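What follows is the residue order along each chain.
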Amino acid sequence: MFPYQPLLEKSSAAVALAAVLLIASLSWLALRPLQPPAPLGGDTPAAEFAASRALPVFRFLAQAPRPIASASNARTRQYIVERLQSLELEPQVHSASAQSASVGFLADARVHAGVVHNIVVRKSGSAPGHARRPALLLATHYDSAPDQIGAADAGALVAAMLETLRALQHGAPLANDVIFLFTDGEKSGALGARAFAEQHPWARDVGLVLQFDAAGNTGALLLTGARGGNGQLVDGWIAKAPLAAGSSALALLARQAPALAGGPLDQVGPAGMRFANIEGSTGYRASFDVAAQVAPATLQHAGETMLALTRHFGNRPLADIASADQVYFTLPLVGQVHYTVKHVWALTRLVCLMFLLACCLAVKHMDMTGRALLTGAMAFLLLAFALALAALSLWKGLPGLHAGYNPIASGAGARDHWYVLAYVTLGVALFIELQRLLHKAIGSPATTLGALLVLVAALVAASWAAPGASYLLAWPLIATLLAYGLLHAPAVAALPHALRVALLVAGMTPAVLLVAPLLQQVATLFTAERSALLMLLLAAMLGMGSTLLAATRRRFVAPLLLLACVGAVVTAQGTRQYDADMARPNRMTYLNDATSWKAWWVMPAEPLDAWSRPFFAEAKLGPRELREVVGMTRAEQWVARAPARKVAYPDIVVLKDDTGGGRRQVVFTLRSQNDAPTIDVRVEGADTLAARLDGKLLTERLARTWKLSLHGTGSAIHTVELDLSPDTIARVYVEERIPGLPGGLGGARPAHTPLTEMTVSSDMLVFR
């Protein structure tokens, strides 16, 4: 009989319950959020960071959105420059034209172009020949999206950088030059960062980049990525940061998260580190990113981290900062654990050896066959994909469960604890039940070792392709296989059931402590629409606990399913997009449309309040599609006729429309008579083969959909050249976007964020 088989039959309910409670306690320990340092007051020594001194700057930045080329953006820029000048520094405003273009997997082209105004200031070092030494660069952005306050992203970080500069002015001089960069246009294709990287002469002086961003409004600042050989970078971060948090697996995950993915500054200097806080949902389209939601402790931790790392790396040579990469992760109650990647393969070989020994024991003592082992491995893969399919089906099949979530914007609401609880407990219950069926069908050895075979293969692949994530499998597999092997020892087999269960719990402990935090981070950064990744990670963690879960009484499955249902119901009923007293974006749009020669009020299909209801008094049938305006979104929305105001249409002149050589060439000029901050040009109905703006190439790959956003060019005349597929009807939509409503229409909307309403002037070209 398999050594732990009696556990299935003879363990008391008390022992089984104790094991479950112990695993729950380990999960709580692993998921317990890190507590940033408490904010310091104004009596803090001048050379130290104090959140209270940064708060006035933060409150100024968090008054209204700061989109590129807007009046509020210019006010913010002037404010930052004046603050820097008050510190006896000499800031530059680096104005430059920049462009960025990308073509996605679905051949959707997205292009940004325009004028940005970066703020750059250089604090000279004290070392001899400091101007010839590589400099340290600290960077964040000061702009926001048009309908977002951007308090955490990145108003708080701008305030932290200014306070860091103030503290540096009162401390001992640094050896290296330190460059502080406040970029513009981050929310518009990272144009500011691109302009600095490609055009500013100081970019060639940089030896190390420390980049700061935010994907949440609370929590500790995490290291979300490092490049250029992170060995010395990680050592310095662990030694000097006030609370070193993050992992090399999170760095890999962040590459897939839009809010944390690297940008143009990754091309500056030989090395770099990226930091961000990710806890605390910013809600639908960052609607929760307001000053009241930003935790002062997060501001304190961001500033202390900036100051500590600036002093550390500002006083050491940066010419040789790159070194061998390290694997690093946070272990509860221990702190940061780190080792070089050269140890990864040693651990992987040890795991492979232990797995072979476990297979030998199973073949010798339980007559397991190779065919049964492969069957168990395939069954585990199918089980993992079944969990992923269940998660996706839950998202697609029960839309009421996520009524308050945005299925497009990453991180919007996915941090809700009840929502994650519903998914995880459902996955655990299904895993236990399906695994019990496998035990009956192919036996315990094949079920357990089949799952471990898949995970060992995944470890080998990770050690080769993604060594930073190998710790998630290596250490849990070592503990699991060690527990599995000990259960075959005669001395262990003679132990009481409770101690043998405790051994199984110990074997699963590393899996819970290491994988559970990443589960939480996946739920934070990605929406439930991508919950398949959450379930696959959960299956990996549970697969390493197969021996323990095999001893789980069936009576625990029903409570888990009940808990999943409770979590789902609480989420569905309790989720609300805004608190009653929270300022929210005003999504009202005044649309001045040249195709219909009419003006319209347009607003998303959300409940009307006392302010918005009079605008749509004629919309008695509720929201509908705006079919009168070709090209507007086909989604249902509130629509009503609006009074005419002096909002000029886009000034468009067609210069050329020729067909030949397998393509159609269209050329037209474009000018905004409204000096609009942003002009969108969108092509539909024809493939775009190539595009140029004022003679400069934008894209030359085939694009099924193509969109250009032109920022900050005022009333300048631009020439747009498009090479389109022939023999189709091409439509080119032009929309000028201006913050606010024309002529103060409607007055101020109560409890709403100023300047988040929009005026749109649109026109359309049709090429038949």
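Relevant structure appears above.
Residues numbered from 1 in each chain as written. Predicted model: local features only at pLDDT ≥ 70, side-chain atom pairs only at ≥ 80, totals over all residues. Heavy atoms only, no water.

## What about the overall build of the chain?
In terms of helices and strands, the chain carries 19 helices and 23 strands. Across the chain, the fraction of contacts at a sequence separation of at least 24, relative to all contacts at a separation of at least 6, is 79%. By element, 60% of the accessible surface of the chain is carried by carbon and sulfur atoms, the whole surface being about 31,200 Å². (Helix = DSSP H or I, 4+ residues; strand = E, 2+ residues; numbered from the N terminus. Contact = heavy atoms within 4.5 Å. Areas by Shrake-Rupley, 256 points an atom, 1.4 Å probe, with all protein chains shown as cover.)

## Let's talk about the state of the cysteines
Applying the stated criterion across every chain yields a total of zero disulfides. Cys-359 takes part in no disulfide bond, and the closest cysteine sulfur to it belongs to Cys-360, at a distance of 7.0 Å. Cys-359 gets classed as buried once you look at its relative accessible area, which sits at 11%. Residue classification places Cys-360 among the exposed positions, given a relative accessible area of 51%. (Disulfide = S-S within 2.5 Å. Buried < 20%, exposed > 50% of the residue type's maximum accessible area, 1.4 Å probe, protein only.)

## Considering the pairing of strand β19 (residues 705-711)
A regular strand places its side chains so that they alternate between the two faces of the sheet. Among the seven residues in β19, five count as buried, and that is most of the element. Both strand β2 (residues 108-123) and β19 contribute to a ladder of seven bridges, which runs parallel. In the sheet register, Ala-109 faces β19, and the bridge partner there is Trp-706. Two strands pair when backbone bridges link them, and strand β16 (residues 678-684) and β19 are joined in this way by six bridges, in the antiparallel orientation. Counterpart to Asp-680 in the pairing with β19 is Ser-709. (Pairing = 2+ DSSP bridges.)

## Let's talk about the packing of aromatic side chains
The geometry of two aromatic rings is summed up by the distance between their centres and the angle between their planes. Considering all chains together, one arrives at eleven aromatic pairs under this definition. Seen from their ring centres, Phe-380 and Phe-431 are 6.4 Å apart, and the 80° between their planes marks the pair as edge-to-face. You can see Phe-380 sitting in helix α11 (residues 370-397) and its partner Phe-431 sitting in helix α12 (residues 417-442), a full 51 residues away along the chain. Given a relative accessible area of 6%, Phe-380 falls into the buried group. Using a relative accessible area of 1% as the deciding quantity, one classes Phe-431 as buried. Each ring, one from Tyr-590 and one from Trp-601, has its centre 5.3 Å from the other, and the planes form 70°; the classification is edge-to-face. Remark: Trp-601 occurs in strand β12 (residues 598-604) and Tyr-590 occurs in strand β11 (residues 589-593); sequence separation between them is eleven residues. Judged by relative accessible area, Trp-601 falls into the buried class, the value being 4%. Put simply, the rings of Tyr-590, Trp-601, Trp-611 and Phe-615 touch in pairs and so form one group of aromatic residues. (Phe/Tyr/Trp six-rings, centres within 6.5 Å; stacked < 30°, edge-to-face > 60°.)

## As for unusual backbone geometry
As a rule of thumb, non-glycine residues mostly have phi less than zero, and peptide bonds are mostly trans rather than cis. For the peptide bond that leads from Asp-153 to Ala-154, omega is 0°, which places it in the cis range. Along the chain, Ala-154 falls in helix α5 (residues 151-169). Unlike most non-glycine residues, Asp-727 shows phi in positive territory, near 60°. Of note, the phi angle at Ala-751 is positive, near 60°, even though the residue is not glycine. Secondary-structure assignment places Ala-751 in the loop between β21 (730-739) and β22 (752-753).

## What about the pattern of salt bridges?
For the structure shown, the criterion picks out 21 salt bridges. Among the ionic pairs, Glu-721 bridges to Arg-692, the shortest N-O distance being 3.5 Å. Residue Glu-721 is found in strand β20 (residues 718-724), and its partner Arg-692 is found in strand β17 (residues 688-693); the two are separated by 29 residues along the sequence. Like Glu-721, the residue Arg-692 is buried in the burial classification. Here the salt bridges do not stand alone but share partners, grouping Arg-663, Arg-692, Glu-721 and Asp-723 into one network. (Salt bridge = Lys/Arg side-chain N within 4 Å of Asp/Glu carboxyl O.)

## Side note on the side chain of Asp-289
With respect to the element layout, Asp-289 can be found in the loop between β7 (271-277) and α9 (296-313). Of the side chains bearing the opposite charge, Arg-66 lies closest to the buried Asp-289, which forms no salt bridge; the N-O distance is 7.0 Å. At 2.6 Å, the side chain of Asp-289 and the backbone nitrogen of Ala-152 are in polar contact. A distance of 3.2 Å separates the side chain of Asp-289 from the backbone nitrogen of Asp-153, its partner in a polar contact. If we ignore the near neighbours within four places in the chain, the residues touching Asp-289 are Ile-149, Gly-150, Ala-151, Ala-152, Asp-153 and Thr-282. (Lys, Arg positive; Asp, Glu negative; His and termini not counted. Polar contact = N/O pair within 3.5 Å; in protein donor to acceptor, adjacent residues only side chain to side chain.)

## So, helix α14 (residues 471-486)
Here α14 spans 22 Å end to end across 16 residues, near enough to the 22 Å set by a 1.5 Å rise per residue. With twelve of 16 residues buried, α14 lies mostly within the body of the structure. Every buried residue of α14 is listed here: Tyr-471, Leu-472, Leu-473, Ala-474, Pro-476, Leu-477, Ile-478, Ala-479, Thr-480, Leu-481, Ala-483 and Tyr-484. (Expected span 1.5 Å × (residues − 1).)

## Observations concerning the environment of Ala-50
Among the secondary structure elements, Ala-50 is positioned in the loop between α2 (13-31) and α3 (51-61). For the pair Ala-50 and Pro-39, spaced eleven residues apart in sequence, the C-alpha to C-alpha distance is 6.6 Å. For Ala-50, the contacting residues outside a window of four places in its chain are Leu-40, Gly-41, Thr-44, Glu-163 and Gln-300.

## As for the sheet that holds strand β18 (residues 696-699)
One open sheet accounts for five strands, arranged β14-β15-β20-β17-β18; its pairing is antiparallel. Two strands close off the open sheet at either side, each with one partner strand: β14 (651-660) and β18. The mean angle between the axes of side-by-side strands here comes to 20°, regardless of whether they run parallel or antiparallel. (Axes fitted to C-alpha atoms, helices over the stretch in contact; angles between N-to-C directions.)

## Points about the packing of helix α16 (residues 497-525) against helix α17 (residues 531-543)
Two quantities define a packed helix pair, namely the angle between the axes and the distance from one axis to the other. At a minimum axis distance of 9 Å, the contact between α16 and α17 shows a crossing angle of 175°. Here α16 lies roughly antiparallel to α17, going by the angle between them. Packed against α16, whose contacting residues are Met-508, Ala-511, Val-512, Val-515, Ala-516, Leu-518, Leu-519 and Val-522, the element α17 presents Leu-533, Leu-534, Leu-537, Leu-538, Met-541 and Leu-542 at the interface. (Parallel < 35°, antiparallel > 145°, perpendicular 65-115°, else oblique.)

## Notes on the nonpolar core
Counting 88 residues, the largest nonpolar core has Phe-355, Leu-449, Leu-455, Tyr-471, Leu-477 and Leu-525 as its most contacted members. Examining the composition of this core, we find that 14 residues originate from one element, α16, more than from any other. The contact partners of Leu-455, leaving out residues within four places of it in the chain, are Phe-380, Leu-473, Leu-477, Ala-540, Gly-543 and Met-544. Among the nonpolar cores identified, the runner-up in size contains 62 residues, and Leu-162, Ala-244, Met-306 and Phe-313 belong to it. (Core = buried A, V, L, I, M, F, W, Y, C linked by side-chain atoms within 4.5 Å.)

## What about the pairing of β12?
By the criterion of burial, β12 is predominantly enclosed, with five of the seven residues buried. Bridge count for β11 against β12 is five bridges, and the pairing is antiparallel. Each bridged residue has a counterpart across the sheet, and for Asn-592 the counterpart in β12 is Ala-599. Where β11 folds back on β12, the antiparallel hairpin that results is connected by four residues, among which Trp-597 adopts a positive phi of roughly 55°.

## Considerations on α9
Taking 1.5 Å per residue as the helical rise, α9 with its 18 residues ought to reach 26 Å, and the 26 Å between its terminal C-alpha atoms agrees with that figure. Counting buried positions over the 18 residues of α9 gives 14, a clear majority of the element.

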